[in-house]
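Listed below are the residues making up each chain.
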Amino acid sequence: MRFPLYEPARIHRLLAAAALVAALWGVRAELPAGFTLHFLGAALLYLMFGAPLALAGMGVAAALACALGGGDWAPKVTTAVINAAIGIEIRALTASVARRSVQ
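What you see is a predicted model; the values in this text were computed from it and never measured. (Residues numbered from 1 in each chain as written. Predicted model: local features only at pLDDT ≥ 70, side-chain atom pairs only at ≥ 80, totals over all residues. Heavy atoms only, no water.)

**What to know about a nonpolar patch on the surface**
Together, L20, L24, L44 and M48 make up a nonpolar patch on the protein surface, roughly 330 Å² of accessible area in all. Looking at the nonpolar patch, the elements that each hand over two or more residues are α1 (8–27) and α2 (37–49). The topology assignment puts L20 in helix α1. With a relative accessible area of 48%, L20 lands in the partly exposed category. (Patch = residues over 30% accessible without salt bridge, like charges linked within 9 Å, V, L, I, M, F, W, Y side chains within 5 Å. Areas by Shrake-Rupley, 256 points an atom, 1.4 Å probe, with all protein chains shown as cover. Salt bridge = Lys/Arg side-chain N within 4 Å of Asp/Glu carboxyl O. Helix = DSSP H or I, 4+ residues; strand = E, 2+ residues; numbered from the N terminus. Buried < 20%, exposed > 50% of the residue type's maximum accessible area, 1.4 Å probe, protein only.)

What follows is the structure, given as structure tokens:
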């Protein structure tokens, strides 16, 4: 079985999606209820690439946001990856519950 990142088109899509999430973080976009867009970005990456690659993509997005925004790397990247893991896990649990209810 081949690792999914061996396909160059998939790498480009992952990096483009990570850059988009980092750009949304830079804008500080937020929905009215205070639901920030990194959770939505995590869900989007999960739907596009699956859980492991979504977490890697969110890590790339966090590193890119820190590189562009400056500041201390360690707490920002750690917080972003933990928040991404929470968002991805919520989406994965939602998908598994939906699959069970359909069957």
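**Let's talk about the nonpolar core**
Counting residues in hydrophobic clusters, the biggest one holds 20 residues, and the most contacted among them are W25, L45 and M58. Of the residues forming this core, the biggest block, six residues, is contributed by α1. (Core = buried A, V, L, I, M, F, W, Y, C linked by side-chain atoms within 4.5 Å.)

**Observations concerning the packing of α1 against helix α3 (residues 51–69)**
Running from N to C, α1 and α3 cross one another at 50 degrees; their axes reach a closest spacing of 8 Å. Relative to α3, the element α1 lies oblique. Of the two possible hands of crossing, α1 and α3 adopt the one that is right-handed. Mapping the contact onto sequence places R10, L14, L15, A18, A19, V21, A22 and W25 in α1 and L53, G57, M58, V60, A61, A62, L64 and A65 in α3. (Axes fitted to C-alpha atoms, helices over the stretch in contact; angles between N-to-C directions. Parallel < 35°, antiparallel > 145°, perpendicular 65-115°, else oblique. Left-handed = near helix turned anticlockwise from the far one by under 90°. Contact = heavy atoms within 4.5 Å.)

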